Amino acid sequence: MHPALSVIFLTTLIGAGQGLFLALVTGQVYAAIRLIAPQSAEFYAGGSALALGLLVAGLGASFFHLGRPERAWRAASMWRTSWLSREVIVLPAMMAMVFLYGVFHWLGWTQPLFVIGAGGLPVDATLVFGVSGALVAFALYVCTAMIYASVKFLEEWASPYTIANFLLLGLASGFMLAAAYAAYLGTELVGFYGTWAVIFTLLALGTRSAALIRNAGLKHKSSLQTAIGVRHRVIEQRSQGFTAGSFNTREFFHHRSPRFVARLRLIFLLLVFPVPVLLIMLAYVLASPTLPVLAFAAQYVGLLAERWHFFAEARHPQNLYYQSVS
Amino acid sequence: MKDPAAHPDRDIGHTEVKETTCYMCACRCGIRVHLRDGQVRYIEGNPNHPLNHGVICAKGSSGIMKQISPARLTKPLRRKANARRGESQFEEISWDEAMDLLTERLGRLRAEDPRQFALFTGRDQMQALTGMFAKQFGTPNYAAHGGFCSVNMAAGMIYSIGGSFWEFGGPDLERAKLFVMIGTAEDHHSNPLKVQISKFKRRGGRFVSINPVRTGYSAIADEWVPIRPGTDGALFLALIHELLKVGLFDRDFLIQYTNAAELVIDDPDRDDHGMFYRDPETPITEGCTDPQNKLWWDRERGAVLTHTKGADPRLMGSFTLADGTPVKPSFQLLKDRVERYTPEWAEGITGIPAATIRRLAYEMGVTARDQKIELPITWTDCWDNEHDSVTGNPVAFHAMRGLAAHSNGFHTIRALSILMTVLGTIDRPGGFRHRAPFPRPIPPCPKPPNSPEAVQPNTPLDGLPLGWPATPEDLFVDADGEPVRIDKAFSWEYPLSVHGMMHNVITNAWRGDPYPIDTLFLFMANMAWNSSMNTTEARRMLADLDEHGNYRIPFLVVCDTFASETVAFADLVLPDTTYLERHDVLSMLDRPISEFDGPVDAVRLPVLPPKGECRPFQDVLIELGGRLGLPAFTTADGRPKYRNYPDFVVNYETSPGSGIGFLAGWRGEFGDKVLKGEPNPRQWEQYAANGCVFHHELPRSYQYMRNWNKGYLHWARAHALTRWAEPITLHLYSEVLNRFRAAALGKRPGRRPPERLRERIATYFDPLPFYYEPLETQLIDKIRYPLNALTQRPMAMYHSWDSQNAWLRQIHSHNYLFVNPQTALAQDIADGDWIWVESHLGQVRCMCRYSEAVEPGTVWTWNAIGKAAGAWALSADADEAKKGFLLNHLIGEELPTNGTHSGVPPFSNSDPITGQAAWYDVRVRISRAEVQEPRISEPQFPPMRPVPGQASRPRTRWQAYVAGLFDRH
Amino acid sequence: MTQLALVIDLNVCVGCHACVTSCKQWNTSGWAGPMVDENPYGADPTGTFFNRVQTFEVGHYPATETVHFPKSCLHCEDPPCVPVCPTGASYKREDNGVVLVDYDKCIGCKYCSWACPYGVRELDAQQKVMKKCTLCIDRITDQTLPESERKPACVLACPTNARLYGDVHDPDSEVSIAIRERGGYALMPEWGTRPANHYLPRRKTYMHVSPEELQRADNPLTKEDLTVYTGEETLDDVTW
Ligand SMILES: Nc1nc2c(c(=O)[nH]1)N[C@H]1C(S)=C(S)[C@@H](COP(=O)(O)OP(=O)(O)OC[C@H]3O[C@@H](n4cnc5c(=O)[nH]c(N)nc54)[C@H](O)[C@@H]3O)O[C@H]1N2
Ligand SMILES: Nc1nc2c(c(=O)[nH]1)N[C@H]1C(S)=C(S)[C@@H](COP(=O)(O)OP(=O)(O)OC[C@H]3O[C@@H](n4cnc5c(=O)[nH]c(N)nc54)[C@H](O)[C@@H]3O)O[C@H]1N2
Ligand code: SF4
Ligand code: SF4
Ligand code: SF4
Ligand code: SF4
Ligand code: SF4
Ligand SMILES: [Mo]
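Conventions adopted
- Residues numbered from 1 in each chain as written.
- Chains lettered and ligands numbered in written order.
- Predicted model: local features only at pLDDT ≥ 70, side-chain atom pairs only at ≥ 80, totals over all residues.
- Heavy atoms only, no water.
- Helix = DSSP H or I, 4+ residues; strand = E, 2+ residues; numbered from the N terminus.
- Rg over C-alpha atoms; globule rule 2.2 N^0.38 Å.
- Buried < 20%, exposed > 50% of the residue type's maximum accessible area, 1.4 Å probe, protein only.
- Contact = heavy atoms within 4.5 Å.
- Areas by Shrake-Rupley, 256 points an atom, 1.4 Å probe, with all protein chains shown as cover.
- Lys, Arg positive; Asp, Glu negative; His and termini not counted.
- Charge placed at Lys NZ, Arg CZ, Asp CG, Glu CD.
- Buried area = accessible area lost by both parts, 1.4 Å probe.
- Salt bridge = Lys/Arg side-chain N within 4 Å of Asp/Glu carboxyl O.
- Polar contact = N/O pair within 3.5 Å; in protein donor to acceptor, adjacent residues only side chain to side chain.
- Nonpolar A, V, L, I, M, F, W, Y, C, P; charged D, E, K, R; others polar.
- Pairing = 2+ DSSP bridges.
- Axes fitted to C-alpha atoms, helices over the stretch in contact; angles between N-to-C directions.
- Near = heavy atom within 4 Å.
- Phe/Tyr/Trp six-rings, centres within 6.5 Å; stacked < 30°, edge-to-face > 60°.
- Lys NZ or Arg CZ within 6 Å of the ring centre and 35° of its normal.

## A look at the overall build of chain C
Secondary structure assignment for chain C yields eight helices and 11 strands. For a compact globule of 240 residues, the expected C-alpha radius of gyration is about 18 Å, and chain C comes in at 28 Å, more than 25% above that figure. Seen along its three principal axes, the alpha-carbon backbone of chain C occupies a region of about 105 × 50 × 40 Å. Per-residue burial for chain C yields a buried fraction of 68% across its 240 residues. Of the contacts formed within chain C by residues at least 6 apart in sequence, a portion of 57% connects residues at least 24 apart. A total of about 8,400 Å² of accessible surface is found on chain C, and carbon and sulfur atoms cover 55% of it. A distance of 13 Å separates the average location of the 23 positive side-chain charges in chain C from that of its 33 negative side-chain charges.

## A closer look at the interface of chain B and chain C
Contact with chain B, which involves 96 residues of that partner, is made by 86 residues of chain C. Buried surface at the junction of chain B and chain C, summed over both partners, amounts to about 7,400 Å²; 53% is from carbon and sulfur atoms. The tally of links from chain B across to chain C stands at eight salt bridges. For the pair chain B and chain C, the interface holds 47 residue pairs in polar contact (both at pLDDT 80 or more). If you list the elements that add at least two residues to the side of chain B that touches chain C, you get β2 (30-36), β3 (39-45), α6 (190-202), α7 (216-219), α8 (232-246), α12 (354-370), α24 (808-811) and β35 (958-959) of chain B. Of the residues contributing to the side of chain B that touches chain C, the split by class is 45 nonpolar, 22 polar and 29 charged. As defined by bridge partners, β35(B) adjoins strand β2 (residues 37-38) of chain C across two bridges and the pair is classed as antiparallel.

## A look at the sheet that holds strand β10 (residues 163-167) of chain C
Residue and element names in this part refer to chain C. Here we have three strands laid out as an open sheet, ordered β10-β1-β11, and mixed in their pairing. Of all the strands in the sheet, just β10 and β11 (198-200) have a single pairing partner and so form its edges. Strand after strand, the sheet turns through a mean of 25 degrees between neighbouring axes, direction not considered. Bridging between strand β1 (residues 4-9) and β11 involves three bridges; their strand directions are parallel. Along β11, the bridge assignment pairs D9 with L200. Most of the contacts of helix α6 (residues 174-181) go to β10, to which it runs at about 115 degrees, and overall it touches β1, β10 and β11.

## Side note on the site of ligand 6
Residues and elements named next belong to chain C. Near ligand 6 the following residues occur: C23, N27, F50, N51, S72, C133, T134, L135, C136, P152, A153 and C154. Only α1 (18-28) and α5 (153-157) provide two or more residues apiece to the shell around ligand 6. Here the shell around ligand 6 is composed, by residue class, of eight nonpolar, four polar and no charged.

## Quick word on the packing of aromatic side chains
Counted according to the given criterion, the structure contains 79 aromatic pairs over all chains. Ring centres of F43(A) and Y44(A) lie 5.7 Å apart, and the angle between their planes is 85 degrees; on these two criteria the pair is classed as edge-to-face. Residue Y44(A) is classed as buried on the basis of its relative accessible area of 4%. The interplanar angle of 80 degrees and the centroid separation of 5.8 Å between the aromatic rings of W529(B) and F941(B) together place this pair among those described as edge-to-face. Of this pair, W529(B) sits in the loop between β23 (519-523) and α16 (535-542) while F941(B) is found in the loop between β34 (923-928) and β35, placing the two residues 412 residues apart along the sequence. Here the aromatic residues F117(B), F133(B), F137(B), F521(B), F523(B), F617(B), F633(B), Y642(B), Y645(B), F648(B), Y652(B) and F662(B) are joined through ring pairs into a cluster of three or more. Taking the ring centre of W95(B) as reference, the NZ or CZ of R615(B) above it sits at 5.2 Å. Above the ring of F907(B), the side-chain terminus of R760(B) is found at 3.7 Å from the ring centroid.

## Focus: unusual backbone geometry
Cis rather than trans, the peptide bond between E938(B) and P939(B) has omega equal to 0 degrees. Looking at the secondary structure, you find P939(B) in the loop between β34 and β35. With an omega of -10 degrees, the peptide bond running from G33(C) to P34(C) counts as cis. Its location among the elements puts P34(C) in the loop between α1 and β2. The backbone of W166(B) shows a phi angle near 80 degrees, a positive value even though the residue is not glycine. On the secondary structure map, W166(B) appears in the loop between α5 (151-161) and β8 (169-171). In this structure W166(B) comes out as buried when scored by relative accessible area, which is 2%. With phi around 65 degrees, D384(B) is a residue other than glycine that occupies positive phi space.

See the structure below:
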């Protein structure tokens with residue numbers, strides 16, 4: 001597939017935004033059950049603003065993908081069948097949750113509504129928004145991933161790994177960002193978020209590598225034989241029927257050399273996984289406030305490459321029909 | 001959204017439908033043009049048209065884009081005084097100025113030396129008018145594209161069977177069982193042939209294609225027989241060898257309808273050796289070229305006149321007439337000839353296994369013999385025998401430029417004609433069928449003028465500029481036997497160049513050989529590009545100056561519809577209309593669109609007004625004829641006789657009271673006569689009312705065996721199609737050719753070729769077909785240039801016309817050289833690489849595309865896709881100029897001299913008999929371009945500038961055509 | 001239920017592209033138009049077409065088959081392009097099974113094109129909405145056209161009649177009969193899209209000439225007395 005910048009940014013930005021939000025909520029829950037120290041309202045509000053910013057930026061990027069952005073509202077109508085439509089519904093819901101979560105924190109509307117259990121876990125509005133927001137975030141990961149995973153003939157995508165990767169990479173980058181955020185603000189949660197970030201990054205390494213390995217050995221169902229219905233070992237396209245390209249030659253192929261793709265894979269494998277993990281560990285040792293930021297930046301850049309690769313790697317069967325000009 | 005089911009077209013704007021005839025190519029299908037608010041909305045095939053029955057092709061469907069093309073010329077133009085030819089710098093002038101200029105110049109030339117005016121026309125369909133104009137002007141220097149197109153096909157077959165493929169006849173696929181197609185990619189009869197091939201296949205017919213390349217029609221052949229280019233003659237001779245050897249020939253047909261059993265004098269010592277023995281006692285029709293005074297050898301009675309009742313003549317043997325003359329039936333001579341042409345011999349030449357050749361011969365022979373067709377149609381032959389059925393041998397052939405465009409093409413095509421004849425398939429069901437006005441006598445009657453005296457100041461030419469020589473006396477040469485025409489057609493160099501030799505005009509005029517000319521008028525011919533051989537040189541010669549700083553070709557007039565490469569070289573440009581903007585006739589006097597079942601001609605009616613100041617070229621010619629005072633175009637008191645072309649078409653008669661005019665339908669005062677009759681003032685209306693086409697279906701008994709069909713021949717004579725009602729006996733053995741040979745051998749009184757040409761004539765004017773290597777191949781280093789380079793017509797493009805067509809050019813914006821991977825790998829060339837292709841003339845750079853569908857000794861590309869930068873209103877960086885290439889730069893218009901200069905100009909790179917341009921003889925080598933070389937095609941030329949009046953519309957990135965709304969604000 | 005479709009006969013398609021441009025000319029001024037062209041007179045000209053004709057080579061020289069292969073939307077019975085469309089712009093008509101795009105709803109997200117394995121949808125680069133073959137819906141449903149012309153433009157144009165058109169659910173239609181009797185097949189059956197359009201394979205006619213058939217009693221050579229006896233000596237003269 002042709003990796004469109006708009007979609008690369010959309011998926012990576014909202015992935016990190018959702019992850020950041022989930023990190024905030026996780027922190028809050030941990031704090032609520034007193035496993036870690038509670039944070040200030042500003043911490044949550046600022047973090048939410050950051051998460052919301054990412055979501056808004058992602059949404060903004062997505063508009064560049066649309067031919068007719070002014071009609072984007074129509075995209076909500078087919079939620080019964082279309083994962084894209086579902087994403088279009090869930091993304092604003094996500095944004096709303098993040099917004100409410102952040103605003104309630106900011107305004108200090110954190111009076112407990114009720115208390116759960118004998119130990120007394122006070123539940124306030126932010127926690128309600130946080131937990132339900134978390135559910136929405138998971139739903140959004142699934143929706144986004146399913147947009148790709150549900151296209152069954154994009155076989156590189158049509159696997160549970162796609163969902164796992166979107167989820168885990170989103171979480172990893174979100175927690176990494178949370179760590180960076182914490183470090184930047186100078187709070188002590190760097191280690192907490194950092195540890196989770198490392199855990200998610202390592203899990204993502206597992207699923208992402210598994211996906212790469214799977215795709216490397218993938219045997220495509222479609223072939224020139226099935227594409228044109230001729231049984232013969234040797235079939236070659238001589239002419240695609242036009243000489244200077246069409247939508248079908250632009251949208252579904254990256255027009256880059258295999259070497260470029262391989263290099264990019266190496267880059268993302270380094271930038272997404274070992275580099276941020278090392279940086280965050282170094283940050284822990286050196287107690288550096290900037291290294292976590294660097295760790296996130298490196299991972300995010302890596303994710304851009306990862307997403308580019310994700311698209312480029314997918315071989316659309318339609319490309320069988322568009323291989324040769326003459 | 002509007003429900004598409006409730007979106008009838010006519011609700012959107014004012015719609016109308018007009019019928020006319022397509023001219024996106026020379027096939028000439030009937031079309032219905034739907035207009036919406038005056039713009040073309042949809043062009044569909046006319047379902048009632050006899051030619052295309054409603055179908056249409058890719059080009060025909062893209063006529064809309066021709067109308068809005070920014071390449072349209074819209075104003076008469078004159079080269080700016082200070083600009084050089086080729087620089088494309090023009091100023092607008094008015095039509096009056098243009099006509100004054102032409103009248104003055106041409107009037108002067110006509111009064112001084114009419115030869116100084118040369119009119120040559122390209123892929124046009126107006127030869128009836130342009131030829132007549134030239135004749136009236138008095139110049140011998142006229143021809144259309146036939147010489148560089150397919151004259152070998154026309155001449156080779158017409159001199160053998162009195163008809164030909166191309167527009168004059170074709171395979172009867174409706175009844176054939178076996179169809180053999182040779183060297184055809186697309187052809188003129190594009191749509192009808194496709195319709196027929198498909199029906200044929202669906203009926204289960206067997207389709208064999210013989211071609212170095214497998215594309216297009218060949219793709220759906222049941223069997224593809226790849227052959228080395230230029231070697232088909234060897235294949236046909238081997239097939240004939242095998243058929244004769246096994247006895248798979250149609251004996252009765254050969255005896256009755258061909259000269260197979262006729263006795264040829266066989267004594268090399270006699271002057272009349274090789275001529276038919278003609279009985280001096282038998283009365284003959286005066287002027288008939290092949291009178292019936294020849295003899296058969298009856299097995300009982302010995303020598304008898306042909307067609308003696310009850311005779312059973314011998315096809316083989318060797319006999320002595322009563323007067324001691326040794327004779328042989330010409331069939332025996334044929335048999336002797338093909339003796340050495342065994343399948344094994346042919347295998348070495350063609351690359352086709354001998355076993356395949358044998359199998360093909362058996363398939364043909366057995367199908368012809370065992371699957372006979374018998375139609376319950378009664379007819380009477382020329383010897384008054386009544387037949388109660390028409391029979392046929394269902395083996396049909398079709399061939400085109402793959403045979404024609406080689407310098408051995410004439411003999412190859414003679415061999416094919418003989419193969420078809422031996423199988424008994426001429427004008428019979430399931431075989432080859434004629435289209436009116438064919439069959440015609442062998443050769444047809446019109447002759448070119450035969451001496452320089454035919455050209456006189458202020459006088460029409462004495463004779464037609466083109467004709468069919470039957471003897472050396474018909475050649476257009478002077479007392480020394482040297483050419484009178486600028487293209488040297490009808491000279492001893494190319495005696496039967498019946499369509500002229502347009503491909504040598506520029507070189508000859510530039511060289512002043514045989515003499516310099518003043519004005520070269522090119523109509524509808526892109527001679528600065530795809531219809532020239534050796535294009536780079538042709539462009540140089542067009543703009544070359546002599547020692548006084550004058551152009552060697554002093555005045556160049558170009559009439560075109562588009563800003564073609566040639567326009568850039570003109571001194572005067574006349575903007576023509578498109579086919580949707582004018583009246584045209586597809587005349588019986590020219591190349592009609594007849595069907596097997598009878599004559600068909602057609603017209604075009606304008607469906608749109610001319611763009612800008614465009615004027616139909618016919619109107620211009622008629623006005624010019626009036627202004628110059630050409631007799632046919634002026635009244636007795638010297639005033640112009642015709643208002644315009646439509647007026648001319650209805651009123652003109654070939655001679656006063658002849659009843660023959662440009663249109664054959666609805667003649668006579670009341671429109672009730674066909675082919676011949678007085679002018680009918682309402683003729684146009686009647687064509688309009690009948691879908692622009694006139695189709696005269698012959699009675700069934702006149703539809704077959706027309707060469708010998710008494711009823712048909714008399715009907716044809718009565719309706720002015722032919723001059724004689726004599727039977728048109730097939731020329732298995734060509735006495736006509738032998739006359740020329742005899743002249744060369746000094747065995748004939750009358751004209752003799754100049755010394756230097758005698759051997760050439762004696763060699764090539766062989767009355768029986770023989771195989772020889774193409775001339776260029778004979779002269780070239782085959783190790784250095786191991787490959788044959790061919791072009792093929794793409795179905796979605798017509799020559800150079802369609803690069804300005806926004807839709808068609810997306811299908812072919814540039815071209816590749818197709819190379820068999822075996823061949824490419826030997827040169828270390830990868831698929832898609834930039835390569836150099838080199839011939840003895842020079843080299844071009846292009847891209848390589850692997851193909852498994854090409855014989856490894858052949859490389860090929862689509863014809864005329866590459867364009868000169870800036871031409872056709874394309875941007876200078878358009879794919880056509882930067883990635884596309886033109887093979888013509890590598891093809892010589894003259895044979896290589898290999899450095900030996902004898903002072904005599906080299907021969908044209910043409911068939912030595914017909915002057916057919918040998919496009920497909922070119923031999924090349926290929927090599928990989930260096931990686932550091934620029935990735936653009938070579939040669940490149942400075943971009944052509946837009947001319948005034950062109951591209952009035954601002955060019956934007958987008959073009960979204962909607963009829964009725966396009967470009968309207 | 002009716003399912004209109006094309007059946008394309010590869011046995012006779014010669015790759016002429018008539019279906020390509022006749023489609024463009026009909027549709028650019030019709031319901032589905034315009035069909036824009038980009039750089040129409042410049043480098044890399046490109047534009048919207050609903051139908052393309054491609055060429056494939058099968059096998060190695062000299063056993064090469066050249067296959068011309070026209071392809072437009074196959075109007076799948078289970079069209080994956082439809083459910084993925086977030087706006088409902090892509091839909092399949094109930095009455096005749098034609099898959100269409102409502103340009104007024106389409107947001108140009110291209111998702112449907114990703115969801116079509118056949119590469120037949122094209123985003124109009126200027127209008128930014130998805131376009132594709134409409135089966136000439138505005139011709140085939142136009143009751144004001146004579147019955148014989150109520151067919152897609154490409155079908156009427158095709159010189160070899162390689163494009164059959166009709167209802168593949170009607171077992172007696174020309175298309176159903178062709179599919180049944182001539183081995184009609186669907187493209188990429190592995191995806192379960194159940195294309196309504198089908199393709200008919202190449203078929204070959206062979207001829208076999210047995211040696212016995214070559215010679216017949218009436219062989220014309222027998223009439224030519226090829227050996228003419230002029231009194232030479234024979235075995236008859238010298239043996240007993
Ligand atoms: N390498 C190679 N070269 C070849 C051939 C080949 O097979 N290989 N084929 C040869 C053959 S067979 C032929 S016939 C020639 C054809 O060559 P040409 O006869 O030169 O044909 P075109 O390029 O089609 O068109 C000539 C000109 O006619 C103009 N034209 C189009 N319509 C009209 C009109 O209505 N009125 C006027 N006045 N002008 C119009 C076009 O703009 C163009 O400039 O090419 C020959 N050249
Ligand atoms: N679409 C379209 N139609 C056209 C034209 C066009 O430009 N475009 N041009 C028109 C004109 S002017 C003409 S003259 C006709 C020509 O019509 P065709 O004769 O069909 O023209 P070409 O494309 O030259 O095809 C020649 C074929 O002969 C093959 N060939 C070449 N050399 C040999 C050989 O030695 N032996 C054999 N067996 N085959 C050989 C080539 O591979 C090619 O397939 O087409 C007319 N129709
Ligand atoms: S074959 Fe030629 S005349 Fe017929 S529709 Fe096509 S372009 Fe027009
Ligand atoms: S061919 Fe593609 S666009 Fe057409 S219905 Fe099937 S999936 Fe949809
Ligand atoms: S591009 Fe248009 S039709 Fe296709 S999925 Fe998006 S909205 Fe639907
Ligand atoms: S059915 Fe109509 S829209 Fe579809 S390819 Fe044919 S002409 Fe084009
Ligand atoms: S119009 Fe017919 S023959 Fe021509 S490419 Fe299309 S399907 Fe094939
Ligand atoms: Mo031609």
